[in-house]
Amino acid sequence: MLKPDSFRSSRWLAGLLALVCGALGACSSKGPDVVLYCALDQMFAETLVKEFESKTGLVVRAEYDVEAAKTVGLVKRIREERSRPRCDVFWNNELAHTVALANDGLLASYDSPSAANIPAEFRDPQHRWTAFAARARVFIVNTTLADPAQLTSLEDLFDPKWRGKVCMARPLTGTTLTHLTALYAAEGDAKGDEFVQRIEESGVNLVQSNGQVMRLVREGQMAWGLTDTDDFNVALNGGHPVAQVFPDQAPGARGALLIPNSVALLAEAPHPDAARKLIDFILSREVEEKLAFAEGAQIPVRADVKRPPHVKSAADLSLMRVDWARVGADIERRMTQFKERFLQ
Amino acid sequence: MSRPLVALAAAVFVLAGLAPLAAMVPRVESADLAAIFAPRNLELLGRTLLYGASVALIATAAGLPFGFLVSRTDMPFAALLRPLGIAPLLIPPMILAMVWTVLADIRGAPAAYAVSSVSTFPLVALFSARAFERIDARREEAARIAGGWRAALRSDLPLVLPSVACGACFAFVFTVNDFSVADYVSWLGQPKFSVYAAEIFANWRIESRPGLAVATALPLLAVTLAALVPALVLRRRGAMASLSGDFRQPEPFELGPWRWPAFLFCLTLVSIGALIPAARLVWEAGGAARGFEFARVGQAFTLAIERGREDLANSIVYSLCAATACAALALVLGHALERARGGRWLESLVVLPIGAPAVLLSVGVIVLWNHDWSARFYDEGGVVVLLLAGRFAAFAILIVSAATAALDPRLEEAAQLAGAGPFRTLTRIVAPSLRSALLGGWIGVFVLSLRELDATMLTPAANRTAMFRIFNQVHFGRDDFVAAMALLILFLVVLPGALWSLFARRRLELLP
């Protein structure tokens, strides 16, 4: 027979369990029609996701990468969830890690009809990923401290007259890591090593992120720096005295690096049909146009997509030739190399 | 003690806090362990230890006098400055770093030392204040009669030092486990000022060696435990020491002409750590360099509430659930740790989840819960609550065990002699006596959960929280929105403690 105290204890325990289950249940909701992992900045992607939902009636569960994780957070999750994939569509704000996921067999083939007019160099021959709306690696220049016309090439970072006055993000994550990995892939190990050596020797200030590069330059703490076009546009829209310079545009120069968004269908995606619809929407001309007109000012890879006057067309630029398959394969090796060099 | 209840609570704690860490261990290979001893890693570790020890020392130099002045003197506005002194601990150190690198133009290692010291001095201050209050008036009077106030202070010092050392140990632990401050402020430091926690974060991204981050975390975990175990021992000699039944409250020291300089000293510390950063956030919300206007502050708050409403609500719900779960766990486990034989040895196991790098716990949760049978739980908010409870339960448990130590065990014995069972004794006798400790633990977990980002970064449902949104907006220079959201978080963080201070008669137990 239960003693009164243990009877009360059981009731109390049952009550507590019911409370906990209720609280956890309250945190639950109806399952989504499609799960999107999105590394594009939340403030831009959210609007587009809502538009897709209202057009199709499908419920999207969009999960974003925290800025501190620089894409790698979602990539890490996709890999960790390999035994039970829960993501259907991966919208990456760069390409190298998407290629790495494809190399590891984590992506499925899907040749979206929306991608038909995207140039071939932005599409995987096996249709495991498609690239679109790009950022470019540019110099952001504080026009009160430096003349943009004086800057032409990436090598200007090492000019002694700018010593202590220029900055770039540490190449441990994000587009700066991709940029240096692409340099190695394009110009070989010897030139890559020389470039990295010069970064160290020339006193370039290595800061936390591209966002911090933008802040330091717009506030005049640095004369100029290497960052992405979206960061530059934030400073420009904020009314700061800044200009952008696309480096290496002279004939025969290496060209500016374009880092496109990429979208992919996950292998064993739980909701493949809805996922394909979402991919078709993301790759549509309308979305690329909206991204060009948004604050991030993404550069359309399709020449005929409308864009505001301050957004360059990919066709107007001299672009660096990039073997993305190699960049995707190399990126982890380079990350380890740069970590040992710059994290000291 | 009700054994089934203790077993149930222990099982929940193990599941929430220890199992995710255990799930990561099989990933470690011998090559990963060998990497620990690479000269570069050892150099980073050595630098981090020096950094942590120096910060603990500076935090002590600031926190000890602050704790003494607000708790034992006739300094003006001491009652106001005392709760304000906790505020720097509640503000994410990254926000302090962002504000002070702009305002003071300090960079590199000195900036990291300064920001971390400001952020952690309240730990020493809290422990010091409590210890100074627990000195029996008669002992102090005897010393004062023999040699004046200086003699009284000299006799007090050995009594408060264990508590001060305990606070310093906690300051050390907080410092060595954070890399965001060093990472943010070291961009002009030559040589670069990197710390060991950054190496763990970097290794976490190397996919081909999944055990490397775990292996690299081991030395930092060992260092953390090596600091926490003495802290747990020291708190028994200091802040947690039982008060005898005829304890007499000590008299306040009269500062005379030093009253206002002392006030200025405390005000300066509080200003550097909380008031100026908060003012800067208001200024950012109001338009900052574009031209400050109060109307813009209102607009920024409207925007923050409009866009961040759902995220704020999620943050509050998760934090409330985690805090409530931790308070329940703390009542059972905190009491058991203090009363059970060998319980004190288990304290080092309890602190393991707060000593381990957050990202390991986060990946461990994926490994443990991302299965078909647990899919619904993994996808939704329940897993966030479990993760937060696992990470922070130790704070509530230690606060309750400290309060249990000060509780006369004869009360429980008397209840049991009168026929009350262990459960009834716990809920009817022990719990009411530990009310302020339970609430202190609840508030501690609520606050820590509300501002947590690292541990929840990879958890699906934690993707929609206020901290997540703040950090994503920082990137796009939405300074007004970020500032308004940060102020809303600060308001929520301070609210429970402020309400208690305003309406409760008893002082909140906030010390572990």
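Preceding block: the structure.
My aim in this report is to walk through the structure given alongside it, one point at a time. (Residues numbered from 1 in each chain as written. Chains lettered and ligands numbered in written order. Predicted model: local features only at pLDDT ≥ 70, side-chain atom pairs only at ≥ 80, totals over all residues. Heavy atoms only, no water.)

## Looking at the overall build of chain A
Now for step 1: If you tally the helices and strands in chain A, you get 10 helices and 10 strands.
Now for step 2: A separation threshold of at least 6 residues defines the contact pool for chain A, and within that pool the share at least 24 residues apart is 73%.
Now for step 3: With an accessible surface of roughly 12,900 Å², chain A has 54% of that area assigned to carbon and sulfur atoms. (Helix = DSSP H or I, 4+ residues; strand = E, 2+ residues; numbered from the N terminus. Contact = heavy atoms within 4.5 Å. Areas by Shrake-Rupley, 256 points an atom, 1.4 Å probe, with all protein chains shown as cover.)

## A closer look at the side chain of Ser-315 of chain B
Residues and elements named next belong to chain B.
Now for step 1: When you line up the elements, Ser-315 lands in helix α13 (residues 294-339).
Now for step 2: Under the relative-accessibility criterion, Ser-315 is labelled buried at 4%.
Now for step 3: Aside from chain neighbours lying at most four places away, what touches Ser-315 is Leu-450, Thr-465, Ala-466 and Met-467. (Buried < 20%, exposed > 50% of the residue type's maximum accessible area, 1.4 Å probe, protein only.)

## A short note on the nonpolar core
Now for step 1: Counting 275 residues, the largest nonpolar core has Leu-36, Leu-157 and Trp-224 of chain A together with Met-75 of chain B as the members making the most contacts within it.
Now for step 2: At 17 residues, helix α18 (residues 381-405) of chain B tops the list of elements feeding residues into this core.
Now for step 3: Beyond its immediate chain neighbours, meaning those up to four positions away, Leu-157 of chain A contacts Phe-139, Val-166, Met-168, Ser-202, Val-204, Trp-224 and Leu-226 of chain A. (Core = buried A, V, L, I, M, F, W, Y, C linked by side-chain atoms within 4.5 Å.)

## Quick word on the interface of chain A and chain B
Now for step 1: Counting residues at the interface gives 64 residues for chain A and 71 residues for chain B.
Now for step 2: Overall, the association of chain A and chain B removes approximately 6,100 Å² of surface from exposure, summing both partners, and the carbon and sulfur fraction of that is 53%.
Now for step 3: When the buried surface of chain A facing chain B is broken down by residue, Lys-76, Arg-84 and Leu-343 of chain A rank first, second and third, together holding 11% of it.
Now for step 4: The interface formed by chain A and chain B includes seven salt bridges.
Now for step 5: Across the pair Asp-183 of chain B and Arg-170 of chain A runs a salt bridge, and its minimum N-O distance is 3.4 Å.
Now for step 6: Within the residue set of the side of chain A that touches chain B, elements represented by two or more residues are α1 (4-26), α2 (42-56), β2 (60-64), α3 (72-80), β7 (205-207), α6 (210-218), α7 (229-237) and α10 (324-342) of chain A. (Buried area = accessible area lost by both parts, 1.4 Å probe. Salt bridge = Lys/Arg side-chain N within 4 Å of Asp/Glu carboxyl O.)

## Quick look at unusual backbone geometry
All names here are of chain A.
Now for step 1: A positive phi is found at His-127, a non-glycine position, where the angle reads about 60°.
Now for step 2: Within the secondary structure, His-127 is located in the loop between β4 (107-108) and β5 (130-142).
Now for step 3: Located in the positive-phi region is Asp-248, a residue other than glycine, with phi close to 60°.
Now for step 4: If you trace the backbone, Asp-248 turns up in the loop between β9 (242-245) and β10 (258-266).

## Some points on the packing of aromatic side chains
Now for step 1: Enumeration according to the criterion identifies 23 aromatic pairs over all chains in this entry.
Now for step 2: With a centroid separation of 6.5 Å and 40° between ring planes, the pair formed by Phe-392 of chain B and Phe-395 of chain B is classed as tilted. Here Phe-392 of chain B pairs with Phe-395 of chain B, and both are found in helix α18, just three residues apart, close to one helical turn.
Now for step 3: Here Phe-392 of chain B falls in the buried class, since its relative accessible area comes to 5%.
Now for step 4: Its relative accessible area of 15% is what places Phe-395 of chain B among the buried residues.
Now for step 5: Through successive ring pairs, a cluster of aromatic residues spans Phe-139, Trp-162 and Trp-224 of chain A. (Phe/Tyr/Trp six-rings, centres within 6.5 Å; stacked < 30°, edge-to-face > 60°.)

## Examining the pattern of salt bridges
Now for step 1: Scanning the model with the defined rule gives 44 salt bridges over all chains in all.
Now for step 2: Note that Arg-135 of chain A is salt-bridged to Asp-230 of chain A, the shortest N-O span being 3.5 Å. Separated by 95 residues along the polypeptide, Arg-135 of chain A in strand β5 and Asp-230 of chain A in helix α7 bring together distant segments of the chain.
Now for step 3: Accessibility expressed as a relative area gives 1% for Asp-230 of chain A, which makes it buried.
Now for step 4: In this structure, Asp-408 of chain B and Arg-410 of chain B form a salt bridge, with 2.6 Å as the shortest nitrogen-oxygen distance.
Now for step 5: The partly exposed category is assigned to Asp-408 of chain B, whose relative accessible area is 32%.

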